[in-house]
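Residues per chain, in single letters:
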Amino acid sequence: MKNLKKRLKQGETLHGCWLNTGSSLTAEIVGLSGFDWVLIDLEHGAGSEKDVLHQLQALEHTQTAAIVRVESSESQRIHRVLDMGAEGIMCPKITGPEGAKKVVQGLHYPPDGGRGVAKMVRATGFGLHFNEYYQEAKENILGIAQIETVEVLDHLDEVAAIEGIDVLFIGPADLSMELGIFGQFDHPRFKEAMKETVNAAQKAGKATGILFFNPEDYQTYHDLGIRFIACGSDATFVADGARNLAKKLDFFRSIAKP
């Protein structure tokens, strides 16, 4: 594994992005680009669990660690992608400590959780190094709870205190939607929610994360104490690149001599 959890505990700021096209090729391209981590999105992304496997294989030889956002906290969803070799799990729509504890149950083997034991899986080298994986999994697998509901804002300290939850990750779109201020990331209530999340995480010795799409916003979030930073996605990289080039070609066509 690529030591994301250890690096966060040491206070590093780690950079990532979303993978939502389901493509192993774009996963590999992004993995070779210098990000610390990527998030393979099973909640909103175009890919299925089968595509997750191919993306994990594509990322294997890169420096970039692979996290998977599952669509729910059901243990079976978490088990499957961990067995495929994911190094962390993000779970959306956490509403309180019970939901966060359910995530942890799926992340870890007994006695720390309820993860089922399977030796002949990709994560253990198909049985070649199960014992090593078992011994190191608790220290390596990253547990990420998404902070994007109104309910969870009343339970931030409780969620952050749960062993096995390593990152409180702010979901700006959903959280602002639930607060009735969709997309208004400069709104006082949204800023307050961010600060509350960061404070709860810091008190518990945990990290805070966020996704944004404008790199110019980096300093704003870093100054708040956010250290698990995601910017952009493979889909936006392709879309922005294609649109920018098409506009340039249109411009040169408009001034080209007959």
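It should be noted that the structure appears before, not after, this text.
Residues numbered from 1 in each chain as written. Predicted model: local features only at pLDDT ≥ 70, side-chain atom pairs only at ≥ 80, totals over all residues. Heavy atoms only, no water.

1. Describing the pairing of strand β8 (residues 228–233)
Turning to step 1, where the next piece is worked out: Counting buried positions along β8 yields 6 of 6 residues, so the element is predominantly enclosed.
Turning to step 2, where the next piece is worked out: Note: strand β1 (residues 14–19) against β8, 4 bridges, orientation parallel. From the neighbouring strand, H15 faces β8, where its bridge partner is I229.
Turning to step 3, where the next piece is worked out: Here strand β7 (residues 207–212) pairs with β8 via 4 bridges, running parallel. Within β8, the position partnered with I210 by the bridge is I229. (Buried < 20%, exposed > 50% of the residue type's maximum accessible area, 1.4 Å probe, protein only. Helix = DSSP H or I, 4+ residues; strand = E, 2+ residues; numbered from the N terminus. Pairing = 2+ DSSP bridges.)

2. Observations concerning the environment of G88
Turning to step 1, where the next piece is worked out: In this fold, G88 is placed in strand β4 (residues 88–91).
Turning to step 2, where the next piece is worked out: By relative accessible area, which is 0% here, G88 ends up buried.
Turning to step 3, where the next piece is worked out: When the C-alpha atoms of G88 and K191 are compared, they prove to be 27 Å apart, with 103 residues separating the residues in sequence.
Turning to step 4, where the next piece is worked out: When neighbours within four sequence positions are excluded, G88 is seen to be in contact with A66, I67, V68, I141 and L142. (Contact = heavy atoms within 4.5 Å.)

3. So, the nonpolar core
Turning to step 1, where the next piece is worked out: By size, the foremost hydrophobic cluster in this structure holds 58 residues, and its most contacted members are I40, V52, V68, I89, I165 and L168.
Turning to step 2, where the next piece is worked out: It is helix α9 (residues 188–203) that contributes the most residues to this core, 6 residues altogether.
Turning to step 3, where the next piece is worked out: Aside from chain neighbours lying at most four places away, what touches I165 is A100, V104, G143, A145, V159, A160 and K206.
Turning to step 4, where the next piece is worked out: Counting 17 residues, the second-largest nonpolar core is a separate cluster that includes L4, L14, L39 and V167. (Core = buried A, V, L, I, M, F, W, Y, C linked by side-chain atoms within 4.5 Å.)

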